[in-house]
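A structural walkthrough
Each chain is listed here by its residues.
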Amino acid sequence: MSNPSATGTRCAACRYLRRRCSHECVLAPYFPSTHPDRFACVHRIFGASNVSRMIQQLPVHQRAAAADSISYEAYWRVRDPVYGTVGIISRLQQEIRARQSELAKIRALIAVHAARAAQAAGRGHFVAEPSTGAVSLLSWDQAAAALLQQQPPPPPSAGFM
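Reading the values: the criteria
- Residue numbers here run from 1 along each chain, matching the order of that chain's written sequence.
- Where totals are concerned, whole chains, interfaces and linings use all residues; where local detail is concerned, this predicted model gives features only for residues with pLDDT of at least 70, and gives and counts side-chain atom pairs only at 80 or more.
- Side-chain metrics in this entry use all non-hydrogen atoms of the structure; hydrogen atoms and water are not considered.
- Counting from the N terminus, the helices are the DSSP runs of H or I reaching at least four residues and the strands are the DSSP runs of E reaching at least two.
- By the convention used here, residues are in contact when the closest approach between their heavy atoms is within 4.5 Å.
- Each polar contact in these results corresponds to two N or O atoms within 3.5 Å; when the atoms are within protein, one needs to be able to donate a hydrogen and the other to accept it, and residues that are neighboring in sequence are counted only if both atoms are side-chain atoms.
- The disulfide criterion is simple: two cysteine sulfur atoms within 2.5 Å.
- For every residue, the accessible area (1.4 Å probe, protein chains only) is compared with the maximum for its type, and the residue is labelled buried under 20%, exposed over 50%, or partly exposed between those bounds.
- Whenever a helix is involved, its axis is fitted only over the stretch in contact; in every case the axis is a line through C-alpha atoms, and angles between N-to-C directions fall within 0 to 180 degrees.
- Here roughly perpendicular refers to angles of 65 to 115 degrees, roughly parallel to angles under 35, roughly antiparallel to angles over 145, and oblique to all remaining angles.
- Each residue receives one of three labels: charged for Asp, Glu, Lys and Arg, nonpolar for Ala, Val, Leu, Ile, Met, Phe, Trp, Tyr, Cys and Pro, and polar for the others, Gly being one of them.
- Predictor confidence is given residue by residue as pLDDT, running from a minimum of 0 to a maximum of 100.

1. Points about the side chain of S52
When you line up the elements, S52 lands in helix α4 (residues 48-56). In this structure S52 touches V26 and L27, once residues within four positions along its chain are discounted.

2. With respect to the side chain of T85
Positionally, T85 belongs in helix α6 (residues 85-121). Side chain to side chain, T85 and E73 meet in a polar contact 2.7 Å long. Contacts of T85, omitting those with residues within four sequence positions, involve Y72, E73 and W76.

3. Some points on the state of the cysteines
Considering all chains together, one arrives at zero disulfides under this definition. With no disulfide of its own, C14 lies closest to C11 among cysteine sulfurs, the gap being 3.5 Å.

4. Re helix α3 (residues 36-45)
The set of residues buried in α3 consists of F39, A40, C41 and V42. The elements touched by buried residues of α3 are α2 (12-17), α4 and α5 (60-79). Among the residues trailing α3, G47 stands out with phi positive, at a value near 90°.

5. Overview of the packing of α3 against α5
Between α3 and α5, the shortest axis-to-axis distance is 8 Å and the interhelical angle comes to 75°. Taken together, the axis directions place α3 and α5 in an arrangement best described as roughly perpendicular. Along the contact surface, α3 presents R38, C41, V42, R44 and I45, while α5 presents A67, D68, I70, S71, A74, Y75, R77 and V78. Partitioned by chemical class, the residues of the contact of α3 with α5 number eight nonpolar, one polar and four charged.

6. Re the confidence of the model for the protein chain
Taken residue by residue, the protein chain gives an average pLDDT of 79. The fraction at 70 or more is 70%. Averaged pLDDT values for the elements of the protein chain fall to 48 in helix α1 (residues 4-7) and rise to 93 in α5.

Written out as structure tokens, the structure is:
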């Protein structure tokens, strides 16, 4: 990225802090003057000197990602002072769990309807795997054998020991 001071404009950090943007400005490549709100959030949450120190301590190839991460965290911390980005992550995880539950219910309904349709047609017996939602068509003999395998063996009687 080019340094804004070379083109004559100040970066958003220097503009916000009302100072001259030098050629050595560490924040200039990551906080251009076109996005002043980005630096305002960062300054409000972390402070300009802390952000400058954090960015200077990183290798040059990691600085852009760090500046993006810092500004993202600051933006959400300003919008939600209590939870910040953790609140977003929590809401998204709840949404995922709700959609997974809904998907499991729909798969179970599909299995039930497929089994009813097979029984009505007299073709065989459908077996549904609840965890994956896979449905298999078995002949009546195969279904009976599968049910017998699933049942636990009878307990040994006391008379045979």
